[in-house]
Amino acid sequence: MFLTNLSQVLARHDDLLIASSPLLVNMPQDNFADHLQQISVADEITFYDTQYDAHLFRDISVKNNAIFHCQYQSKTLHDLVIMTFPKSKKELTFTLSMLSENLSENARILVVGENKSGIKSMSKLTQDYHNTLDKIDTARHCVLYELTLKQLPTFNLEDWFQYYDLTIEGEQCVIAALPGVFSQGGLDKGTKVLFEHLPKNLSGHVLDFGTGAGVIATYLAKTNQHITIDLADVSALALASAEKTLKINKLSGNLIATNSLSSISEQYDHVVTNPPFHQGTKTHYAATESFLAGIHKHIKSHGTLTVVANSFLKYQPIMASYFKKVSTAAIKHGFAVYSALK
């Protein structure tokens, strides 16, 4: 049975895992569910993920009771919640607030995370949320906490959006982002460099891959009247943010939940991306490299791919293997913009 370090720490405390209606939130992609089912008295175990790759794994392994959404909504009251410490500290309190309405009386919450994830700040982060907080274990370079929650205000998703204004090349945009979404607080340096070197006068079908809060898609839609645009991301929180951003700016687009290219089926005239290269707290290039090696299949003849990335990442040779022409449009502030023609 394959268990990640996080799950191994949990498995050391089977007495804490006994519950009638457990909820597993953004847990690792391993066999912890099998372990839990072996010791559990529960009729069913519910899985909630905000990452589409994890949801696909859950969908294969547990078949049902696997939920992918920006907000957990259920009539079930859970007596046990097990969750991983999120990569964004703001996402921790967001998740606890969201789940508070689905907890039975005296429900136990277990939060497990790697030492380097920031979990050691658990007490400070949750001081306005927890009634009790106990450090249960430290092992496998991980920490396990148990907590119970105070009576919290009614959760309203709208209250958790953070808004900011952008003026890009004279074009005004309003961006909305939920906790944990890339560039929640403002425009990142890479996208800023990208905006200075975007292809002009686009037309046809455009894909914004790794859309985040929808910043790139919003600008493209505002400055190119003759495009239809798809916005793809692995995160339910990102897709909800992008949807809100489009609505605020009175734009429309098609939202796609995807793990790399798993849900991409259309043919595009142009693809523009600031692809993620972090997964949790780790630098992770495989997803982007897989995307670069496969996206050419979804670009029409004479279509283009525009990518911004940290200049140390060796993406240009991968692109050159699949496109007839690849050029470096800019190298600035540690970022490179690559343009490819099919």
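None of these values were measured; they are calculated from a predicted model.

What counts, and where the lines are drawn
- All residue numbers refer to position in the chain's written sequence, counted from 1.
- Confidence filtering applies because this is a predicted model: local features only for residues at pLDDT of at least 70, side-chain atom pairs given and counted only at 80 or more, and all residues used for totals across whole chains, interfaces and linings.
- The basis for every side-chain value is the complete set of non-hydrogen atoms in the structure, without hydrogens or water.
- Labels follow the DSSP assignment, with helices taken as runs of H or I lasting at least four residues and strands as runs of E lasting at least two, numbered in each case from the N terminus.
- As a reference, a globule follows 2.2 Å times the number of residues to the power 0.38, and the radius of gyration itself is taken over C-alpha atoms.
- Only protein chains enter the accessibility calculation, which uses a 1.4 Å probe. A residue is then buried if its area is under 20% of the maximum for its type, exposed if over 50%, and partly exposed in between.
- It only takes one pair of heavy atoms within 4.5 Å for two residues to be counted as in contact.
- The protein chains shown are the only cover counted for residues, whose accessible areas, like all others here, come from Shrake-Rupley with a 1.4 Å probe.
- In predicted models, pLDDT denotes the confidence assigned by the predictor to each residue on a 0 to 100 scale.
- A pair of strands is treated as paired once DSSP finds two or more bridges between them.
- Axis definition: a line fit to C-alpha positions, over the contact stretch in the case of helices; interaxial angles, taken between N-to-C directions, run 0 to 180 degrees.
- Put simply, a salt bridge is a Lys or Arg side-chain nitrogen that is within 4 Å of an Asp or Glu carboxyl oxygen.
- Ring pairs are drawn from Phe, Tyr and Trp, using the six-membered ring of Trp, whenever the two centres fall within 6.5 Å, and their geometry is named by plane angle: stacked under 30 degrees, edge-to-face over 60, tilted for the rest.
- Two conditions define a charge located above a ring, namely a distance within 6 Å from the ring centre to NZ of Lys or CZ of Arg, and an angle within 35 degrees of the ring normal.

**Things to note about the overall build of the chain**
Within the chain, the regular secondary structure consists of 10 helices and 18 strands. Expected size for 342 residues packed as a compact globule is a radius of gyration near 20 Å; at 21 Å, the chain falls within 12% of this value. With the C-alpha coordinates of the chain rotated into their principal frame, the extents come out at 60 × 40 × 35 Å. Buried positions account for 55% of the 342 residues belonging to the chain. Here the contacts in the chain between residues at least 6 apart in sequence split such that 65% fall between residues at least 24 apart. Accessible area of the chain: about 15600 Å², with a carbon and sulfur share of 47%.

**Considerations on the confidence of the model for the chain**
Looking at the chain, pLDDT values average 93 and 96% of them are 70 or higher. Overall, residues 278-283 carries pLDDT values under 50, and its contacts beyond four positions in sequence, including any with other chains, amount to 11 contacts.

**Observations regarding the sheet that holds strand E1 (residues 22-25)**
Pairing is mixed in the open sheet, where seven strands are placed in the order E3-E2-E1-E4-E5-E7-E6. For this open sheet the edge positions go to strand E3 (66-68) and strand E6 (130-139), each flanked by a neighbour on one side alone. Taken over all neighbouring pairs, the strand axes of this sheet differ in orientation by 20 degrees on average, direction set aside. Alignment of E6 against strand E7 (residues 142-149), held across eight bridges, turns out to be antiparallel. Considered in E7, the bridge of Asp 134 is made with Glu 146.

**Focus on the sheet that holds strand E13 (residues 268-273)**
Here we have seven strands laid out as an open sheet, ordered E12-E11-E10-E13-E16-E18-E17, and mixed in their pairing. Because the sheet does not close on itself, it has two edges, and the strands there are strand E12 (254-257) and strand E17 (325-332). The mean inter-strand angle of the sheet, taken between neighbouring strand axes irrespective of direction, is 15 degrees. Bridging between strand E11 (residues 227-233) and E12 involves four bridges; their strand directions are parallel. Paired with Asp 230 across the bridge in E12 is Asn 254. Of the strands in this sheet, strand E10 (204-209), E11 and E13 are in contact with helix H7 (residues 215-223), which crosses E11 at around 180 degrees. Contacts between helix H9 (residues 286-294) and the sheet are confined to E10, E13 and strand E16 (299-310), with E16 contributing the most and set at about 160 degrees to the helix.

**Let's talk about the pattern of salt bridges**
One pass over the structure, following the stated rule, counts six salt bridges. Across the salt bridge formed by Glu 158 and Lys 244, the nearest N and O atoms sit 2.7 Å from each other. Linking Glu 158 in the loop between E7 and strand E8 (162-168) with Lys 244 in helix H8 (residues 236-248), this pair joins segments that are 86 residues apart in sequence. Take Glu 158: its relative accessible area is 40%, and that puts it in the partly exposed class. Looking at Lys 244, the relative accessible area reads 16%, which means it is buried. For the salt bridge of Asp 269 with Lys 300, the shortest nitrogen-to-oxygen distance reads 3.4 Å. One end of the pair, Asp 269, is in strand E13; the other, Lys 300, is in strand E16, and 31 residues separate them in sequence. The class for Lys 300 is partly exposed, based on a relative accessible area of 34%.

**Topic: H7**
Counting buried residues along H7, seven of its nine residues qualify, which places the element largely inside the surrounding structure. Of all the residues in H7, the buried ones are Val 215, Ile 216, Ala 217, Thr 218, Tyr 219, Leu 220 and Ala 221.

**What to know about the packing of aromatic side chains**
One pass over the full model with this rule turns up eight aromatic pairs. With a centroid separation of 5.6 Å and an interplanar angle of 70 degrees, the aromatic rings of Phe 94 and Phe 155 are classed as edge-to-face. Placement of Phe 94 in helix H4 (residues 89-99) and of Phe 155 in the loop between E7 and E8 is noted, with a sequence separation of 61 residues between them. For Phe 155, a relative accessible area of 9% corresponds to the buried category. With centroids separated by 4.0 Å and ring planes inclined at 15 degrees, the aromatic side chains of Phe 209 and Phe 291 adopt a geometry described as stacked. Of this pair, Phe 209 sits in strand E10 while Phe 291 sits in helix H9, placing them 82 residues apart in sequence. Phe 291 shares its class with Phe 209; the two are buried. Members of the aromatic cluster, connected to one another through ring pairs, are Phe 94, Phe 155 and Trp 160. Geometry around Phe 161 places Lys 244 over its ring, the cationic atom sitting 5.1 Å from the centre.

**Structural notes on unusual backbone geometry**
Not every positive phi belongs to a glycine, and Glu 169 is a case in point at roughly 50 degrees. With respect to the helices and strands, Glu 169 occurs in the loop between E8 and strand E9 (171-177). By relative accessible area, which is 57% here, Glu 169 ends up exposed. Within the chain, Ser 260 stands out as a residue other than glycine whose phi angle is a positive 55 degrees. Structurally, the position occupied by Ser 260 is in the loop between E12 and E13.

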